[in-house]
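A look at the structure
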Amino acid sequence: VQLVESGGGLVQAGGSLRLSCAASGRTFSNYAMGWFRQAPGKEREFVATINWSGTNTYYTDSVKGRFTASRDNAKKTVYLQMTSLKPEDTAVYYCAATATYTNTAPKFYDYWGQGTQVTVSS
């Protein structure tokens, strides 16, 4: 599975962005998907995960109520809608695919995109 993120950019605090992650290769709907982020000098952290059908999602506490993960299996794309952005959301955002169940740990994900930069100014 090849993954390509897009949609990052520079936004003011309180603004919104929608990240997309387009997949190619093996059957996209076989995979649960995750979103992670990594800020400079910090470890990669879990943001959100969505199961293969899109019916179950799970978020880290810091983004609950602000971020929404969704997917369109026909388009082989997963999305992360981000609202009420804060400067602490600034990071490189990665999407990842796992053939197992939804998971918060990076080690369980088999495929990763190259990342897209999100910068939130105060």
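Up top is the structure.
Residues numbered from 1 in each chain as written. Predicted model: local features only at pLDDT ≥ 70, side-chain atom pairs only at ≥ 80, totals over all residues. Heavy atoms only, no water.

The next point concerns the state of the cysteines. In this structure the tally under the stated criterion is one disulfide. Between the sulfur atoms of Cys21 and its disulfide mate Cys95 the distance is 1.9 Å. What sets the handedness of the Cys21 and Cys95 disulfide is the S-S torsion sign, and at about 55° it is right-handed. Taken together, the positions of Cys21 in strand S3 (residues 17-24) and Cys95 in strand S9 (residues 91-98) put the pair 74 residues apart, joining distant regions of the chain. (Disulfide = S-S within 2.5 Å. Helix = DSSP H or I, 4+ residues; strand = E, 2+ residues; numbered from the N terminus.)

Met33, Trp35, Leu80, Met82 and Tyr93 are the most contacted members of the largest nonpolar core, which totals 28 residues. Those elements that provide at least two residues to this core are S3, strand S4 (32-38), strand S5 (45-50), strand S7 (67-72), strand S8 (77-82), S9 and strand S11 (116-121). The residues touching Met82, leaving out its near neighbours within four places in the chain, are Gly15, Ser16, Leu17, Leu19, Arg66, Phe67, Tyr93 and Val118. (Core = buried A, V, L, I, M, F, W, Y, C linked by side-chain atoms within 4.5 Å. Buried < 20%, exposed > 50% of the residue type's maximum accessible area, 1.4 Å probe, protein only. Contact = heavy atoms within 4.5 Å.)

What follows deals with the packing of aromatic side chains. One pass over the structure, following the stated rule, counts seven aromatic pairs. For the pair Phe46 and Tyr58, a centre-to-centre distance of 6.0 Å together with 25° between the ring planes defines the contact as stacked. Here Phe46, found in strand S5, pairs with Tyr58, found in strand S6 (residues 57-59); they are 12 residues apart in sequence, far enough to count as distant. Relative accessible area serves as the criterion here: at 9%, Phe46 is assigned to the buried category. When the ring of Tyr94 is compared with that of Trp112, the centres are 6.5 Å apart and the planes differ by 75°; the resulting orientation is edge-to-face. Of this pair, Tyr94 sits in strand S9 while Trp112 is found in strand S10 (residues 111-112), placing the two residues 18 residues apart along the sequence. A relative accessible area of 13% means that Tyr94 is categorised as buried. Overall, Trp112 belongs to the partly exposed group, its relative accessible area being 28%. Ring-pair connections join several aromatic residues into one group, and the members of that group are Phe36, Phe46, Tyr58, Tyr94, Tyr109 and Trp112. Over the aromatic face of Tyr94 sits the side chain of Arg44, whose NZ or CZ is 3.8 Å from the ring centroid. In this arrangement the basic side chain of Arg71 is found over the ring face of Phe28, its NZ or CZ atom lying 4.4 Å from the centre. (Phe/Tyr/Trp six-rings, centres within 6.5 Å; stacked < 30°, edge-to-face > 60°. Lys NZ or Arg CZ within 6 Å of the ring centre and 35° of its normal.)

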